[in-house]
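# Overview (structure and organization)
Spelled out from the first residue to the last, the chains are:
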Amino acid sequence: VYEDGKMKGIHFKTYWDDFDQANSYILYHVEYDMENWQRTLTYTLGAMDRNYISSCGMAHNPVTGKNYGIFYNFNMSWQAVNRKLATIDFSTNTPTRTILGTASIPMAAIACSEQGTLYGVGQDGWLYVISTANVGSSEVEVLPLGDLGVEGISTNPSSMTYDAHTGRFYWSVVLDD
């Protein structure tokens, strides 16, 4: 997410784990200075630490200053059980997530408008408005706006942003093929 002149996020690297005989991940909290694209922070979070893997990227709300993501909720076998809408605070080396509720629709990408409304593109090809109200363990309200006419959206995250100058959303997508 872009916040206070910096690009902040969670990066991960894949490595082969000889013990588990499978690929594993190491997660990093990173920040980049947007003036020169120099990395200003790399903090190792650990392997799959605190379920920081986002299923659809993150979005910064320009009205509230909060950052949102829809994060995979893994079980002890690292299988995705569901997805949780959460705020994420990058002000410390170890970012803090606050769960708002379960997101029933798998999102490919999310973005906030200039007015602070959170939108998402579902993996089903529909555009949605996503409620940011804290509902705890309950399901987050997701309202369909319309079919975008795109099929075969990959489970890989795509990217979405809002352009305040034009009032338009832009979305890049990875298709299954």
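Coordinates for the structure precede this section.
Here's a quick rundown of the structure. The residue numbering used here restarts from 1 in each chain and proceeds along that chain's sequence as written. Residue-level local features of this predicted model are given only where pLDDT is at least 70; pairs of side-chain atoms are given and counted only at 80 or more, and the full residue set underlies all totals for whole chains, interfaces and linings. Think of the side-chain values as coming from all heavy atoms in the structure, minus any hydrogens and water.

### Some thoughts on the pattern of salt bridges
Put simply, the test is: Salt bridges, as used here, are contacts in which a Lys or Arg side-chain nitrogen is within 4 Å of a carboxyl oxygen on Asp or Glu. When a residue's accessible area, from a 1.4 Å probe over protein chains only, is under 20% of the maximum for its type it is buried; when over 50% it is exposed; and in between it is partly exposed. A run of H or I in DSSP counts as a helix once it spans at least four residues, and a run of E counts as a strand once it spans at least two, with each numbered from the N terminus.
Throughout the structure, instances matching the rule amount to 2 salt bridges. A salt bridge links Lys-8 to Glu-3; the nearest nitrogen and oxygen atoms lie 3.9 Å apart. Taking relative accessible area as the criterion, Lys-8 reaches 10% and is therefore assigned buried. By relative accessible area, Glu-3 is classed as buried at 15%. Ionic pairing is found between Glu-31 and Lys-6, a salt bridge with its closest N-O pair at 3.7 Å. With Glu-31 in strand E3 (residues 22–33) and Lys-6 in strand E2 (residues 6–17), the pair connects residues that are 25 residues apart, well separated along the chain. Taking relative accessible area as the criterion, Lys-6 reaches 32% and is therefore assigned partly exposed.

### Remarks on the sheet that holds E3
Formally: DSSP-based pairing: two strands are paired if at least 2 bridges between them are found.
Strand order in the open sheet made by the 4 strands is E1-E2-E3-E4, with antiparallel pairing throughout. Pairing within the sheet leaves two strands with one partner each, and these edge strands are strand E1 (2–3) and strand E4 (38–46). Looking at chain direction, E2 and E3 are connected through 12 bridges and run antiparallel. Residue Lys-13 lies in a different strand from E3, and its bridge partner there is Ile-26.

### Notes on the environment of Val-81
Definition in use: Contacts: residue pairs with any heavy atoms within 4.5 Å of one another.
By the element assignment, Val-81 lies in strand E7 (residues 80–89). Judged by its relative accessible area of 52%, Val-81 is exposed. Sequence separation between Val-81 and Ala-109 is 28 residues; the distance between their C-alpha atoms is 19 Å. Contact partners of Val-81, with chain neighbours within four places excluded, come to Asn-73, Phe-74 and Asn-75.

### What to know about the nonpolar core
Across soluble globular proteins, nonpolar side chains show a tendency to be buried alongside one another. The criterion, for reference: Take the buried Ala, Val, Leu, Ile, Met, Phe, Trp, Tyr and Cys residues and link them wherever side-chain atoms come within 4.5 Å; each set so joined is a nonpolar core.
Judged by nonpolar contacts, the single largest core of 15 residues is most densely connected at Tyr-68, Ile-70, Leu-85, Met-107, Ile-110, Leu-118 and Ile-130. At 3 residues, strand E9 (residues 107–112) tops the list of elements feeding residues into this core. Once residues lying within four places of it in the same chain are set aside, the contact partners of Leu-118 are Ala-59, Tyr-68, Leu-85, Ile-110, Ala-111, Cys-112, Tyr-128, Val-129, Ile-130 and Thr-132. Counting 9 residues, the second largest nonpolar core, distinct from the first, contains Ile-10, Met-58, Ala-86 and Phe-90.

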